[in-house]
Each structure stands twice: as C-alpha cells, then as structure tokens.
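# Architecture and fold: a report
Chain by chain, the residues:
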Amino acid sequence: MQEQMTPDLIKPFLLFFLFVVSIKGSAAIQRTNEIPTVLIAQEQLNEDSPLFYYHNKSIFKNPKIKQDDYDAKGTYWLRIHIPASKDYKKKTYVLSFNNLTYVDLTLIDDRSSVAIDSRKAGLFRPLKEITPGDDRNHFTLEIDVTKTYTCLLKIHHIKGYSPQLDFYIEDQLAYLKRQQKESNIYAFLEGAIIILLLYIALTWIVSRYRPYIWIFTFLMALGLYSFALQKDFIDLFFAENPRLGWTIAPLFYRLGTISFYLLLLDFLNLKELSSKFYKLAILICLLVISFAVFSFIYCYTTSNYFLSNRINFILGAIHIAYLLTLFIYLWKKVDEPQRFLAYGATCFSLGIGLIVILLIKMDEKSLLYIPAAIQLFILSITIIFLIAIRLRIRKQELEYHKSIEIRVEERTAELHLANIVLNEQQVELLEKNKYIETLIDELNHRVKNNLQLLYSLGSLYRKGNKNSLANNPGIQEMQSRIHTMMLVNQLLVYNKGNKLKLDQLVVEIISYLQMLYDPKKKIEIDLYCVPDYWIPTHISTSLGLIITELLTNAYKYAFPNERKVSAKITLGIKQSTDKLMIECRDNGIGSNTLVAGSSLGIALIRDLTRQIKGEVTIDHKNGYHYQFEFKKGLWK
C-alpha cells in the first residue's frame, strides 16, 4: 500500500505544477506589448516639474542601459512617446509595470505641450492617493488615436533593489483577461489551501494528534505569506499603510519555517533520536525568530528589503544544509512514515532553493512567480506530510491492536486459570455443602428422634400407670411442649429454610392440644392469625411454646366441670408496620392471684416473651386476658 501511495499522490501534483506554470507562462507571453522607446533620465537637482523634463529631452539617456546601472536609491524620470497608430484601435488602454514603490504619471498632449492628466500609483502608495480605475501597478489611459502623446513617469523606488523599469501598454480588455486568468490560478490554489486547512482542522479535532497543529500552522502561515505578496492583501488590510503590509509579509514565512521545525521535532521525536540535531533545530528556530524581529524593524524603518533578502539566502542555505545532514544521518534510524517526512523536507528544501534562485536571477521581478510557486510547493509538502502522519497513525493503530490482542490473549489465559481454580473451588464448595446438608439432615433426624423418644417415654408412662396422670399432670404439659418443639423442627425441615409460616404453626398446635385436652371439642376456639406471616427460626420455638402455654393453661384451669357457661378461647394474631401483636382471651373463671394453682406456665410465658424481646400484659380477674407485643426490628 505504501509503494502505491507515493506515485498516486505526487504525479497529479507534478502535472498540476506544470499546468500552472504553463498558464503563468502563457499569461506572461501575452504581455508582449512592451514599449520599445523608453528614455530614462535621473532626476535633476531641485527639478521635479514634469514640463521641465518634457522640454529638456536631451537629459534622457539611451534606453539600452543595463539594469544593474540603475541606482536603487535614486529617482528616475521615464519619457515614453505614444504615437498615433493604427495598432491602437480603442480609446482605453492600460499602462502597467511591476513592483515599483512610487510612480507618478503625467500625460502631455504633444500638439499643445500641455499636461492633460496626472496620476499616482505604486506599491507603497496609500489607496486614497490612487485615482479610481487605476491600481498600484497600472494606469488606465484614455487616448485619442489621432493624436500623439508624451508620457512622463517619475519613479522613486525605495526597496533597495534596482528598479525594474519595464512598462507595457495594451488595450484594457486584453489586460483584464490576463489579470482574470492569473486571478483564477491564485483563487484555485488558495481554495485548495483553505480546503486542506479545514480538513486538517477537522482531523485534529477528531484525532487530537499534535503534529496536525504544526501542519495546520505551516500551511496557514505560508499560504498567508503567498497571499501577502499580492496586492490584494495590501488593499484589504493595509490600504493606507502599504509599507507596513509589505514588512509584515515575511513574518508569515518565518512562522511557517518555525512550524516546519516543530513538526520535525515532534514527529521524529528528535530529542530521543539525536540530542545534537534537536539542540541545533532549537538554535535555528531562535535564529529565525531573532532575524524576523530584526528584519521587521530594519525594513519598516529603512525600507531596504534587499539586505533582508540577502540574509534570507544565508538562512535558506542553513535550512537546506541542516535538513540534508539530518536525514542522511537518521535515514537508517527512522521508520517509513518518518521517511515520508524526509520527502516533504526535501520538497521544502527545493522550494527554498527555487525561491533563492529566482531572487538572485530576477530580483523583484521574481515576485510575479514566487506566490504561485510557494502555493504549489506548500500544497505538495502538506500532502506528503499528511501521508506521513496517516502512515504513522496507521502504524500506531496496528501496534495498538497487536498490543490489545496480546493483552487479550494474556487475559484469556489468566481467566482460563481463574476458571480452573474457580471450578475446583466450586467442586470443593459443592462437596462441603453436600457434607453440611448431610450433617444438618443427620442433626434434624437426631433431634427428631430424641424429641420423639422423650414424647414416647411420656406416653408409655401414662399408659403404664393408671394413677400417673392424676398424680403427675406435669408429664402431660411436658408432652405438649415436646410436641411443639417437634412441630417446629418438622416445619423447618419441610420448608427447607430458616423461616416458617406462623399460621401453619398455630393451627397445628391448636389441633394437637384440642385432641389432648378437649377431644370432644366442648371448648370453642376462635382463631384469627395473619396469613402468610413468616417468622425466623430463632424465635419460632419460643413463640410456639408461648402459644402452647396459653392454650394449655386455658384448657386446664379456665373451665371447671361444674361451670355451665359456654366455654370459649379467643386467639388473635395481627401485624402492623413494625410490630406483631398476639391477644389471647378466655371466658373462664379467672383467679384472684396471677398464678393459678401450682402451674409454672405463666412464669414460663413471661420468660419466653423476654427471651424474644417482647412485652406481655396479663389481666386475670374475669378470665385470663394476655396481650403480647413484639417489635420486628428486634428479631433481626
């Protein structure tokens, strides 16, 4: 995939570069109407009147003076003769020039020797001084083709370069078509830069990958630098102080260079790969910042851009030497995505070299080609950088997925071992549970057998001795209590838990005691018990014994044989939000004292109630009336 990616992306940019260059070249070829008869004179001392230079034609030199003979700090007058000619078929023409800071035009009618028009233009000219219809680099002239004219141009160029005294005259339509073609090229390139900036910004928002910030800053800064070299930038932001705009423009180039080095440091992780090259890159960035400050102050105060650009040559050589040395030294230490960064650095070096060559060969005339060249190079460099970052992210994703797979495998192995241990523990727990269940069953069985044995002994004693029941009523009471405990144990085993239903226990107790004491059911039992009320194990026996004692006492003492009143026992069990209430009442004879006869039942009732943290009140005068109150929270 990496081998196919390079030609697929670079070839279209090479073709696009050739396409733009061909269009720029064709636009330049169309400017063939250079005025052949331009006479040049240096300004005379204290003479700045156009009519002086019009009447003193002898002071103008031969137009074939070499460009280097022009003094960069001087003021020149150009004399252009515009004859009546059939070649000029239209009345509106454009007189254009390149990169001159101040140009004053005076148009003189040769027949009357009178100045009929005067205009001002130039790169450093405030917009308010330029005549509407003119521009910083051209004048629009209304010419009568039947007359001859002399055009006097005062040139004051202060940028430190020898002035480019190339003037062209063409009809307005041809000029506008050429300008439109060049504007379309710049608009297309600037649109591509804006689209890439939006793409990079959105990609950074999604990925939060820091190198995208440096690429965004690099592309934006150099895009602004290219735009700042065009007059539209000056007209938009520095219309009345264009010199400041031209001075600010190189700052964008410095910012782009620093962003490029920050990308190198971050993407290559240069601090770990080579501390020497890392420190050298920091030093170059500091040098660029220092020179940017110096250049801005120097150029704005002196307007001498020539010296500034010559220092640019030195910095350009430093950049090229550093980048070539860096990647030759690190080539075997970097991976494939980082090598793509080397391709972008190579392209960056080529761009710097091309700009330096254009400045050396063409001086300010190179500004006609540098903006488009910069835009093409930064687009190409940005695409290569984006490829490098995409490859890096893809590599990191693969490494991350691989590490995840390794971690998953390790975790799977750990879980497998844990499952084995868990299964072993589960088997051990099952065995322990089975053993515990066996012990519980054995315990319940033994408890049941022991209680049954006690109950059977009492039954045998009753059957074997006729006088035993009358002489030993305690055996019968003991059998009732044992039976209650057997019943609780039986219900717990049946329910297989630590709770049992209270209503079920009460019904069983009443049924047994009625069979024991009142088999003929002479005493009416009125029962209300809250349905499906579960009680915990640790209070079930005590509660069952309490109910047993209540009913036993009523059966034994409340209803003597000689009493003719209908006997009735009422037992009610109710619940509220946090309480269980038991009420037991009989309509028996009651007693004057709290304890009836020699029975210990009431004492047992009190003790059992206290054990399960309840409260009981007893009224014994008109039959026995018991009221119990148990708080549920105390049973936990």
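Predicted model, so just to flag it, every value in this text is computed and none were measured. Starting from 1, residues in each chain are numbered consecutively following that chain's sequence as written. A pLDDT threshold of at least 70 governs which residues receive local features in this predicted model, and a stricter bar of 80 or more applies before side-chain atom pairs are shown or counted, although totals over entire chains, interfaces and linings include all residues. As a rule here, side-chain values cover all heavy atoms of the structure and leave hydrogens and water aside.

## Focus on the pairing of strand β2 (residues 75-82)
The criterion, for reference: Only protein chains enter the accessibility calculation, which uses a 1.4 Å probe; a residue is then buried when its area is under 20% of its type maximum, exposed when over 50%, and partly exposed in between. Numbered from the N terminus, helices here are DSSP runs of H or I no shorter than four residues, and strands are runs of E no shorter than two. For two strands to count as paired, DSSP must find a minimum of two bridges between them.
Counted residue by residue, β2 has seven buried out of eight residues, so it is predominantly covered. As judged from the eight bridges shared by β2 and strand β7 (residues 149-156), these two strands associate in the antiparallel manner. Counted as the bridge partner of H81 is T150 from β7.

## Topic: the packing of helix α14 (residues 502-517) against helix α15 (residues 537-558)
Quick note on the threshold: Between N-to-C directions, angles cover 0 to 180 degrees, with each direction set by a line fitted to C-alpha atoms, over the stretch in contact for helices. Crossing handedness: left-handed means the near helix sits turned counterclockwise from the far one by under a right angle, and right-handed means the same turn made clockwise. Contacts are residue-level and defined by heavy atoms, with any inter-residue pair within 4.5 Å sufficient. Each residue is assigned to one of three groups, with Ala, Val, Leu, Ile, Met, Phe, Trp, Tyr, Cys and Pro labelled nonpolar, Asp, Glu, Lys and Arg labelled charged, and all others, Gly among them, labelled polar.
Between α14 and α15, whose axes approach to 10 Å, the crossing angle comes to 35°. Between α14 and α15 the crossing geometry is right-handed. Judged by residue contacts, L502, L505, V506, I509, I510, L513, Q514 and Y517 of α14 engage S540, L543, G544, I547, T548, L551, T552, Y555 and K556 from α15. The residue inventory of the contact of α14 with α15, partitioned by class, reads 11 nonpolar, five polar and one charged.

## Section: helix α16 (residues 601-611)
The line we're drawing: What the arc covers is the set of directions going from the helix axis to the C-beta atoms.
Looking only at α16, the buried set comprises G601, I602, I605, L608 and T609. All buried residues of α16 lie within an arc of 125° about the axis, which places them on one face of the element. The inward-facing, buried residues of α16 contact α15, β14 (614-619) and β15 (625-631). Two residues or fewer past α16, K613 is found with a positive phi of approximately 60°.

## What to know about the packing of aromatic side chains
Note the following rule: Any two rings among Phe, Tyr and Trp, with Trp reduced to its six-membered ring, count as a pair given centres within 6.5 Å; such a pair is stacked if its planes are under 30 degrees apart, edge-to-face if over 60, and tilted if neither.
Inspection of the entire model under this criterion finds 27 aromatic pairs. Geometrically, the ring pair formed by Y53 and W77 is stacked, given 4.2 Å between the ring centres and 15° between the ring planes. Linking Y53 in helix α2 (residues 50-55) with W77 in strand β2, this pair joins segments that are 24 residues apart in sequence. This pair shows no difference in class: Y53 is buried, exactly as W77 is. Aromatic side chains F218 and F385 sit 6.0 Å apart centroid to centroid with 55° between the ring planes, which places their arrangement in the tilted category. With F218 in helix α4 (residues 211-228) and F385 in helix α11 (residues 370-464), the pair connects residues that are 167 residues apart, well separated along the chain. This pair shows no difference in class: F218 is buried, exactly as F385 is.

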